[in-house]
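Structural features, examined
Residues per chain are reported as follows:
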Amino acid sequence: MLRELKFLLSLWKTNLAAAMEYRAAFIFQSIGMILNDAVYFVVWIIFFDRFPSIRGWQLTDMFIVFGISASAFGMAGLLFGNAFNLGDIIVKGRLDYYLSLPRPTLLHVLGSRLAPSSFGDFIYGFISYFGSGQFSMVGLGRFIIGVALATIVFVSFLVLVQSLAFWMGTGGVFTSMAINAIITFAIYPITLFNQTAQVILFLVIPAAFMGAVPARFVKDFSWSTLGLMLLGAAGFLSLAILVFHSGLRRYESGSAIQTEV
Amino acid sequence: MKKYHAIFKINLLNNLAYPAELVTRSALILLFMWIFFQLWSITFTAAGSDNISGLSLHDTMWYLLFAEILELGRPRLARVISEQVKDGSIAYLLNKPYNFLLYQLSSGLGESLPRMGLLFILGGALVWTMAGPPPDLVNWPLALFALAGAWLLHFCINALIGLSAFAVEEVAPLEWIYQKLVFILGGMLVPLDFYPAWLQTIAKSLPFAYMMYGPARLFVRSDLQFFIQIIAGQILWLAMLGSLLGLVFSRGMKRLAINGG
Amino acid sequence: MPAIQVTNLNKTFRIKHKTAGLGASVRSLFRPEYKTIEAVRSLSFEMECGELLGFIGPNGAGKSTTIKILTGILFPSGGDVTVLGYVPWKQRQKLAYNIGTVFGQRPQLWYHLPAIDTLTLFGKIYEMEDRETRRRIAELAEAFEITDLLETPVRKLSLGQRMRCEVAASLLHKPKLLLLDEPSIGLDVVAKQHIRDVIREMAKKENVGVLLTSHDAGDLEALCKRVIIINHGQIIYEDKVSTLKRSYLTSKLVEVRYAEQIPADFHIEGTTTLKVAKELYGTKLRFDPRTTPVEKVMAGLSAAGTLVDITISDPPLEEVIAAIYEKGASASHT
């Protein structure tokens with residue numbers, strides 16, 4: 001386990017070096033993304049100014065949930081950037097490169113890219129939390145834990161959706177839909193949704209684990225909330241690893257894609 | 001004129017042959033409309049009134065549908081054009097016996113029209129079941145007219161952003177911010193009518209209101225005076241943005257001729 | 001123990017067959033049609049440690065499939081394979097520590113970074129000590145003459161320079177077996193020469209076995225002692241390269257020039273006249289030395305006039321190989 005962590009660290013270092021080759025673009029994109037997120041949030045400020053509470057959900061909650069989601073999204077892109085193009089990598093047969101090297105395939109693939117602009121999202125999440133009016137140092141600690149666990153759920157979800165490419169060829173369509181769906185659901189107030197819908201947001205498109213639950217944790221520490229987050233992260237992570245490796249078996253049999261003979 | 005019609009047609013057919021994009025956008029509009037309904041029905045209930053700033057829940061939902069159709073239906077020309085500028089293929093396109101901008105316009109239209117049509121049918125069906133039948137037919141012609149104007153405004157800005165690839169390495173941040181400005185100042189997630197008065201004034205002095213709010217609002221409640229206001233605004237902004245576009249384009253062409261792409 | 005042992009390998013692919021059009025797409029969703037492709041059929045061969053083996057065949061012959069099975073990326077439909085004592089698809093990670101791969105079409109070096117960054121990362125991937133990695137990089141840099149290139153971003157290197165770095169990277173962890181797939185593709189003549197020389201030297205110095213697949217017969221001649229020719233998933237020829245040339249030598253080309261003109265209908269029995277020079281000062285002909293004695297041809301040529309210039313050549317290796325492809329399974333030579 002430690003071996004792989006050391007390996008991941010060197011991988012991340014290499015990613016950073018590659019991003020720094022285009023320093024100006026990196027900074028421009030990061031700042032652009034911060035502005036993008038901030039400007040988008042203004043709509044919610046306008047909304048809550050007019051309608052202060054949606055079944056108990058208020059602007060403060062919005063700040064926090066936005067913070068968690070943005071930072072989790074950013075962290076996913078910074079550390080596991082290939083989670084966003086895994087489907088493409090599978091379809092183009094580029095897994096071969098990772099398979100011929102002696103490191104765990106999934107980890108190696110995911111960690112081999114730093115998605116540009118994700119730094120902006122990551123930073124913005126913290127800015128959003130600072131702006132929530134609920135900021136405290138202890139809260140920040142909980143925020144960081146929340147972001148970490150949300151990232152695990154998000155990346156796992158991406159791996160799950162992208163792994164469909166092993167069976168369906170171009171999963172590209174599905175992926176962008178799934179990403180849009182989870183982000184949208186994560187940032188909209190969970191109080192909007194009835195019981196059935198909420199179940200979906202926990203078990204199918206785990207937006208609740210990416211927004212509402214960590215946000216609850218940040219506001220108030222609670223063992224049960226922490227337990228729920230850990231459960232969600234562990235559950236989705238295991239499922240993702242399982243599905244990916246099942247798909248990998250198929251890839252290795254050659255029936256997944258059009259292979260060159 | 002015939003050649004642009006041909007370009008338009010081929011893009012139209014291409015869209016139908018590769019339905020991936022259509023499927024994604026269609027799924028998204030269903031998702032968004034459903035979430036919006038949750039949000040606004042609860043908001044109207046909480047506000048304790050059938051009518052907020054002159055709009056009912058029914059009006060709001062159809063307003064939002066119209067806005068989303070434009071947002072999801074419009075072609076992502078900024079990215080297309082910026083890529084053509086960056087990889088130099090724009091030079092190849094300029095050698096053809098047609099105007100580059102008109103080419104982009106026709107192909108964008110071919111892509112956009114069937115998509116908007118499908119989005120209207122699917123999204124409309126959902127909104128009908130949730131909020132009631134669409135607005136009176138009498139509203140439609142004026143709204144569609146304004147829609148055309150709005151589409152053209154989007155086109156101008158998109159083309160400008162795409163062409164800025166001559167000066168800037170990454171145009172994506174510009175795209176994001178433009179989209180978010182449309183969200184806020186075009187009243188995409190929250191109708192402008194709900195905004196505080198001072199913000200409404202600002203919004204109406206910028207092009208974004210004419211790109212989104214105008215047609216959507218006309219769809220819901222047509223009013224000849226309002227229509228004239230919107231069209232006048234659109235013409236004004238089209239004139240300004242259109243000439244800016246022309247200027248930037250010829251400047252870019254000169255640059256291309258000097259640098260050889 | 002041989003480095004590679006392949007016995008009765010076969011691999012069949014079942015690929016979904018889909019024609020264009022919306023109707024066909026919908027149909028294929030509900031009732032998919034499958035096409036069976038037998039990529040490799042009952043293939044058997046061995047390779048010794050430290051050997052230089054060439055693996056040649058036209059597109060679709062089954063080369064890539066075989067290589068993928070050898071590296072453990074693909075598992076076969078039947079047969080047995082051991083590479084360096086491992087079953088590739090079952091012990092892929094262990095095998096990976098001992099083999100190096102260079103795929104001409106799939107670069108390993110990170111495009112935007114200098115080669116040294118990828119090499120350092122590879123050191124981590126193969127769990128080498130930092131000091132060992134540095135030492136090894138210096139050693140390889142000298143051998144491949146890339147010391148000055150290491151700090152330049154890979155995207156700024158020429159293809160030849162990049163390939164040298166790629167091959168160096170594949171040798172970083174001192175593998176016992178090197179698999180090269182089209183290493184010289186796209187390179188100019190000088191770069192090809194350069195890379196072949198350095199591969200050959202490194203292979204000898206470090207006792208690395210090299211399995212080379214290529215379309216380029218020049219790669220073959222320069223690097224390999226033995227060659228396996230594969231087509232339609234089967235081996236159709238397997239022997240030393242030198243034997244290949246000798247036994248398939250079915251023609252010699254002779255080009256001559258005379259001091260005076262020769263008759264327009266000049267012909268030597270048993271040869272094919274390819275061309276008679278316009279001014280009738282020379283001719284080019286081809287003959288099969290197995291049926292027409294060289295002595296006879298030479299005698300006929302010198303009798304025709306005062307020879308001023310003569311060129312005798314063997315057919316290029318490409319022709320030999322092409323002829324073998326055509327003959328196919330019937331010309332199996334083991």
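Residues numbered from 1 in each chain as written. Chains lettered and ligands numbered in written order. Predicted model: local features only at pLDDT ≥ 70, side-chain atom pairs only at ≥ 80, totals over all residues.

1. Quick look at the overall build of chain C
Where we set the bar: What counts as a helix is a DSSP run of H or I of at least four residues, what counts as a strand is a run of E of at least two, and both are numbered from the N terminus. Throughout, the radius of gyration refers to the C-alpha atoms, and the reference size of a globule is 2.2 Å times the residue count to the power 0.38. Any residue with 12 or fewer other C-beta atoms within 10 Å of its own C-beta is exposed, any with 20 or more is buried, and the rest are partly exposed; the C-beta atoms used are placed from the backbone.
Tallying secondary structure elements over chain C gives 11 helices and 13 strands in all. For chain C, the C-alpha radius of gyration of 25 Å lies well beyond 20 Å, the compact-globule estimate for 334 residues. Judged by the C-alpha coordinates and their principal axes, chain C covers about 75 × 60 × 50 Å. Relative to its full complement of 334 residues, chain C shows a buried share of 38%.

2. What about the packing of helix 6 (residues 159-170) of chain C against helix 7 (residues 189-206) of chain C?
All names here are of chain C. What counts here: Each axis is a line fitted through C-alpha atoms, taken for helices only over the stretch in contact, and angles between the N-to-C directions span 0 to 180 degrees. Roughly parallel means an angle under 35 degrees; roughly antiparallel means over 145; roughly perpendicular covers 65 to 115; every other angle is labelled oblique. Crossing handedness follows the turn of the near helix against the far one: under a right angle anticlockwise gives a left-handed crossing, and clockwise gives a right-handed one. The contact criterion used is a C-beta to C-beta distance within 7 Å, with each C-beta placed from the backbone. Under the scheme applied here, ten amino acids are nonpolar (Ala, Val, Leu, Ile, Met, Phe, Trp, Tyr, Cys and Pro), four are charged (Asp, Glu, Lys and Arg), and all others, including Gly, are polar.
The geometry of helix 6 relative to helix 7 is characterised by a closest axis approach of 10 Å and an angle of 15° between their N-to-C directions. Relative to helix 7, the element helix 6 is oriented roughly parallel. Of the two elements, helix 6 crosses helix 7, and the hand of that crossing is right-handed. In contact with Gly160, Met163, Arg164 and Val167 of helix 6, helix 7 contributes Ala191, His194, Ile195, Val198 and Ile199. The residue inventory of the contact of helix 6 with helix 7, partitioned by class, reads 6 nonpolar, 2 polar and 1 charged.

3. Notes on the domain arrangement of chain C
Using the following cut-off: Those domain boundaries reflect an automatic or database domain assignment.
Each domain of chain C was delimited in the assignment, giving domain 1 (4-246) and domain 2 (250-313). Of note, the centres of domain 1 of chain C and domain 2 of chain C, computed from C-alpha atoms alone, are 44 Å apart.

4. Quick notes on the pairing of strand 10 (residues 252-258) of chain C
Residue and element names in this part refer to chain C. Defined as follows: Note: two strands are recorded as paired if DSSP finds a minimum of 2 bridges between them.
Of the strand pairs in this sheet, strand 10 and strand 12 (residues 282-287) are connected by 6 bridges, and their pairing is antiparallel. When the sheet's bridge partners are listed, Arg257 is paired in strand 12 with Gly282. Summarising the sheet, strand 10 and strand 13 (residues 307-313) pair through 6 bridges and their orientation is antiparallel. When the sheet's bridge partners are listed, Val254 is paired in strand 13 with Ile312.

5. Focus on the sheet that holds strand 10 of chain C
All names here are of chain C. Here 4 strands make up an open sheet; going across it, the order is 11-12-10-13 and the pairing antiparallel. Every other strand in the sheet has two partners, leaving strand 11 (271-276) and strand 13 as the edge strands with one partner each. Neighbour to neighbour, the strand axes of the sheet diverge by 20° on average, direction disregarded.

6. What about the sheet that holds strand 3 (residues 52-56) of chain C?
Residue and element names in this part refer to chain C. What the 6 strands build is an open sheet, ordered 5-6-7-3-8-9; its pairing is mixed. Edge positions in the open sheet fall to strand 5 (99-103) and strand 9 (234-240), since each of these has one partner strand only. Strand-to-strand twist of the sheet, defined as the mean angle between neighbouring strand axes without regard to direction, takes the value 15°. The strands that helix 2 (residues 63-71) touches are strand 3, strand 5, strand 6 (177-181), strand 7 (209-214) and strand 8 (226-231); relative to strand 6, the one it contacts most, it runs at about 150°. Taken strand by strand, helix 11 (residues 317-327) contacts strand 3, strand 8 and strand 9, and its axis lies near 45° from that of strand 8.

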